[in-house]
Protein chains: 2
Amino acid sequence: MRPVAARTESRDRIVRATVQTLATEGYAATTARSVARTGGFAPGVIYYHFDDLEDLLVAAAQYTAQTRLARYREELGDVTSATELLERLERLHTEDVADGHIAAVQELTAASSSSPKLAAGIRTQIKPWQDFAEQIAGRFVTRTPFAALIPIPELARAAIALFLGMEMLSHLDTDRARSDAFFTSAKQAATLFDVMAPAPGKLP
Amino acid sequence: MRPVAARTESRDRIVRATVQTLATEGYAATTARSVARTGGFAPGVIYYHFDDLEDLLVAAAQYTAQTRLARYREELGDVTSATELLERLERLHTEDVADGHIAAVQELTAASSSSPKLAAGIRTQIKPWQDFAEQIAGRFVTRTPFAALIPIPELARAAIALFLGMEMLSHLDTDRARSDAFFTSAKQAATLFDVMAPAPGKLP
């Protein structure tokens, strides 16, 4: 069993080094050499696990999307209060920016313009996020009197778009004041929502 | 007067070729050589107008942000109906995707990770969009009974984020069905808004 575990660990290490290199140096500077430098291993190791750089970028997109989705599920899985939802989303947003995930996603999306294979790889990663966002959105929409009027898939897509866009703006901003202000207002709106459309079994 | 006009025209031509090259080839492949190939001029012409490639990318960010903002102003300047607002935003969104503007913005944002000068250049371009979004958002918020509760700057930022994120997703999607569905739902919500919070002087 050990060789398989060691092989998986070595592959993971390469993928993590790729995400980090994308975030700090950009996709144009993400080469076998720079990834190896970031991770502290020989460039040749990469080609033992991946066919080429494109293959490695697809794996990096998959890794960053899946590890973050697991983290989002963990934080938001049992949330029933809108106020709590916004508080946790703010925490996740801070992590996404600090850990370089959003910078890596930005770079991968840009790199996908010239790589249909990478574009397809990223698209595959959007589907589980869409399903997850629909599940969370559905939980809150059913509490409102407008449930029948609000199409969950479109609302979920808008929520993903809003979050991606917020992260894109935070990535560009040097100070955090603007996204802090956004979350402050959103949390106020969420508190109002919790009062007007309380969770089942909760008193308003 | 002629030499100045000719100089400006030549500069504009280079900047337009840069936006196009960014959109079709990505920032990693955007070099003096590839821009010159796109525009059909000699690479040396670029250095007559710009110090270096970074300087040219800053000009491209400025050009794409300003020409699109002018177009958005033209389309949305006199809009008072929310339904009309959404119809025009859908048209603008289609243009942004078709003309490669959003792809170019995506590439420039990604490229700014490794260029503080470009990052600063892009940040400068966000401010007029923020002001414009505040102006439009304010026009609609004042019609609602919640006007005092909704902070215009945060709402405007969220609108920009939503639009950026929608365009990022559209850029990745191969089919347009999902963004079409989004606009269809958003237009329905806008129609409801127009009935519930009619524009001044309009009958519901």
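Computed from a predicted model, the values in this text were never measured in an experiment.

## Observations regarding the relation of the copies chain A and chain B
The relation between the two copies of this chain is a rotation about an axis and a shift parallel to it.
Thought 1: Rotating chain A by 180° and moving it 0.0 Å along the rotation axis overlays it on chain B with an RMSD of 0.0 Å. Such a combination of turn and shift is consistent with a two-fold rotation axis.
Thought 2: Same-surface contact between copies: 100% of interface residues of chain A are shared with the interface of chain B.

## Here we look at the interface of chain A and chain B
By a widespread convention, an interface's size corresponds to the accessible area lost as its parts come together.
Thought 1: The interface of chain A with chain B comprises 42 residues on the first partner and 42 residues on the second.
Thought 2: Around 3,700 Å² of area is buried between chain A and chain B when both sides are counted, 65% of it from carbon and sulfur atoms.
Thought 3: In this assembly, chain A and chain B are joined by 0 salt bridges.
Thought 4: If you look at where chain A meets chain B, you find 7 residue pairs in polar contact (both at pLDDT 80 or more).
Thought 5: Broken down by secondary-structure element, the contributors of at least two residues to the side of chain A that touches chain B are α1 (2-25), α6 (101-111), α7 (116-141), α8 (152-172) and α9 (177-196) of chain A.

## Some remarks on the side chain of B:S34
Residues and elements named next belong to chain B.
Thought 1: Within the secondary structure, S34 is located in helix α2 (residues 32-39).
Thought 2: On the basis of relative accessible area, S34 is assigned to the buried category, the value being 2%.
Thought 3: Sequence-distant contacts of S34, that is, excluding residues within four places in its chain, are made with T21, E25 and A29.

## Points about a nonpolar patch on the surface
Thought 1: Residues A:F146, A:L149, B:L192, B:V195 and B:M196 make up a contiguous nonpolar surface patch of roughly 540 Å² in combined accessible area.
Thought 2: Here A:L149 lies in the loop between α7 and α8.
Thought 3: Overall, the relative accessible area of 59% leaves A:L149 in the exposed class.

## Concerning the environment of B:T38
Residue and element names in this part refer to chain B.
Thought 1: Looking at the element boundaries, T38 is found in helix α2.
Thought 2: According to the relative accessible area criterion, T38 is partly exposed, its value standing at 27%.
Thought 3: T38 sits 91 residues away from W129 along the chain, and the two C-alpha atoms are 29 Å apart.
Thought 4: With near-sequence residues (within four places) excluded, T38 lies in contact with A17, Q20, T21 and E25.
Thought 5: Within polar-contact distance, the side chain of T38 engages the side chain of T21 at 2.8 Å.
Thought 6: At 2.9 Å, the side chain of T38 forms a polar contact with the backbone oxygen of S34.

## A short note on the packing of aromatic side chains
Aromatic ring pairs are defined here through the distance separating the ring centres and the angle between the ring planes.
Thought 1: Per the stated rule, a full pass over the model turns up 11 aromatic pairs over all chains.
Thought 2: Relative to A:F183, the ring of A:F163 has its centre 6.5 Å away and its plane inclined at 75°; by these criteria the two rings are edge-to-face. Pair noted here: A:F163 is in helix α8 and A:F183 is in helix α9, with a separation of 20 residues, a long-range link. Across this residue pair, the class does not change: A:F163 and A:F183 are buried.
Thought 3: Centre to centre, the rings of B:F140 and B:F193 are 6.3 Å apart; their planes meet at 55°, and the pair counts as tilted. Separated by 53 residues along the polypeptide, B:F140 in helix α7 (residues 116-141) and B:F193 in helix α9 (residues 177-196) bring together distant segments of the chain.
Thought 4: Owing to a relative accessible area of 8%, B:F140 belongs among the buried residues under this scheme.
Thought 5: Relative accessible area serves as the criterion here: at 24%, B:F193 is assigned to the partly exposed category.
Thought 6: An aromatic cluster of at least three residues, connected via ring pairs, comprises A:Y72, A:W129, A:F163, A:F182 and A:F183.

## Comments concerning the pattern of salt bridges
All names here are of chain A.
Thought 1: Inspection of the entire model under this criterion finds 23 salt bridges over all chains.
Thought 2: In this structure, the salt-bridge partner of E75 is R91, at a minimum N-O distance of 3.0 Å. Residue E75 is located in helix α4 (residues 53-76), and its partner R91 is located in helix α5 (residues 82-98); the two are separated by 16 residues in the primary sequence.
Thought 3: Close ionic contact of D78 with R88 constitutes a salt bridge, the shortest N to O distance being 3.3 Å. With D78 in the loop between α4 and α5 and R88 in helix α5, the pair connects residues that are 10 residues apart, well separated along the chain.
Thought 4: Assessed through its relative accessible area of 57%, D78 is described here as exposed.

## A word on the packing of helix α8 (residues 152-172) of chain B against α9(B)
Residues and elements named next belong to chain B.
Thought 1: One can describe the packing of α8 onto α9 by two numbers: an axis separation of 9 Å at closest approach and a directional angle of 150°. When the axes of α8 and α9 are compared, the pair comes out roughly antiparallel. Two packed elements cross with a definite hand, and for α8 against α9 that hand is left-handed. Facing L162, F163, M166 and S170 of α8, the residues of α9 in contact are S179, F182 and F183.
Thought 2: Here the residues of the contact of α8 with α9 sort into 5 nonpolar, 2 polar and no charged.

Each value, and the rule that gives it
- Residues numbered from 1 in each chain as written.
- Chains lettered and ligands numbered in written order.
- Predicted model: local features only at pLDDT ≥ 70, side-chain atom pairs only at ≥ 80, totals over all residues.
- Heavy atoms only, no water.
- Least-squares fit on C-alpha atoms with pLDDT ≥ 70 in both.
- Contact = heavy atoms within 4.5 Å.
- Buried area = accessible area lost by both parts, 1.4 Å probe.
- Salt bridge = Lys/Arg side-chain N within 4 Å of Asp/Glu carboxyl O.
- Polar contact = N/O pair within 3.5 Å; in protein donor to acceptor, adjacent residues only side chain to side chain.
- Helix = DSSP H or I, 4+ residues; strand = E, 2+ residues; numbered from the N terminus.
- Buried < 20%, exposed > 50% of the residue type's maximum accessible area, 1.4 Å probe, protein only.
- Patch = residues over 30% accessible without salt bridge, like charges linked within 9 Å, V, L, I, M, F, W, Y side chains within 5 Å.
- Areas by Shrake-Rupley, 256 points an atom, 1.4 Å probe, with all protein chains shown as cover.
- Phe/Tyr/Trp six-rings, centres within 6.5 Å; stacked < 30°, edge-to-face > 60°.
- Axes fitted to C-alpha atoms, helices over the stretch in contact; angles between N-to-C directions.
- Parallel < 35°, antiparallel > 145°, perpendicular 65-115°, else oblique.
- Left-handed = near helix turned anticlockwise from the far one by under 90°.
- Nonpolar A, V, L, I, M, F, W, Y, C, P; charged D, E, K, R; others polar.

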